[in-house]
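Notes for the structure review
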Amino acid sequence: MNKYLIEFLGTFFLVLVIGMTWDPFAISLFLVAIVYASKDISGAHFNPAVTLGVFLRGKCEAGDVLPYVFVQILGAAAASSIVIYFKESVPPELLEVEILPALLAEYLGAFALVWVILNVATTRVSEGNSYYGLAIGLVVFGGIYMFAEISGAAFNPAVALGLCILGKLAWVDIWIY
């Protein structure tokens, strides 16, 4: 299957599960599953920050960076539309963030996520391991519990876009993510 389609679908389903459940356990388990299903095709980035980190590590071709980011954003927007369709009668609760704590929370969460991904999925030492998906899901799980109330725990610009479309985050705050 095409790696761009996989990045679209992975980001789509990640934002779909976030928007439909808001449950860290469901989000993390779902992420583990889609990472295992997708890593060998696209690298299972599903996140522009991860794409940038993997590119800087030298494990993503320069020509794939912008197309990956583009389809990740499209996947997030499409999933948000589906969530709105399913939950049209449920008004979202807007998370009002304080800029400095939200910036720090998003930086720490995204840093931890990219750091784990780079060390379990892109190094020669970790080649062929079977734990990368679980490690990625666990860092997201912990990050959500630590930072959801502070920043929304997006750790992902595409997810942040989806959360803005859903009305969970304010558009004026999107630059934080």
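Please refer to the structure placed before this passage.
Now for a quick tour of the structure. (Residues numbered from 1 in each chain as written. Predicted model: local features only at pLDDT ≥ 70, side-chain atom pairs only at ≥ 80, totals over all residues. Heavy atoms only, no water.)

A few points about the layout of surface pockets
The calculated volume of the largest pocket comes to roughly 540 Å³. Forming the boundary of the largest pocket are 29 residues, of which I27, I144, A148, G152 and A153 lie nearest the centre. Put simply, the parts of the chain that give the lining of the largest pocket at least two residues each are α1 (3–21), α2 (24–42), α5 (99–121), α6 (132–151) and α7 (157–165). Among the elements that line the lining of the largest pocket, the one with the most residues is α6, at six residues. Of the residues contributing to the lining of the largest pocket, the split by class is 23 nonpolar, four polar and two charged. Roughly 410 Å³ of internal volume is contained in the second largest pocket. Lining of the second largest pocket is provided by 23 residues; of these, K39, G43, K59, A121 and T122 occupy positions nearest its centre. Every element with two or more residues in the lining of the second largest pocket is listed here: α2, α3 (48–57), α4 (62–86) and α5. Top contributing element to the lining of the second largest pocket by residue count: α2, with four residues. Looking at the lining of the second largest pocket residue by residue, the classes come out as nine nonpolar, eight polar and six charged. (1 Å grid on protein atoms, 1.4 Å probe; cavity = no way out; pocket = protein on both sides within 12 Å on 5 of 7 lines; lining within 4 Å. Points joined across faces, edges and corners; volume = space filled by probe spheres on them. Helix = DSSP H or I, 4+ residues; strand = E, 2+ residues; numbered from the N terminus. Nonpolar A, V, L, I, M, F, W, Y, C, P; charged D, E, K, R; others polar.)

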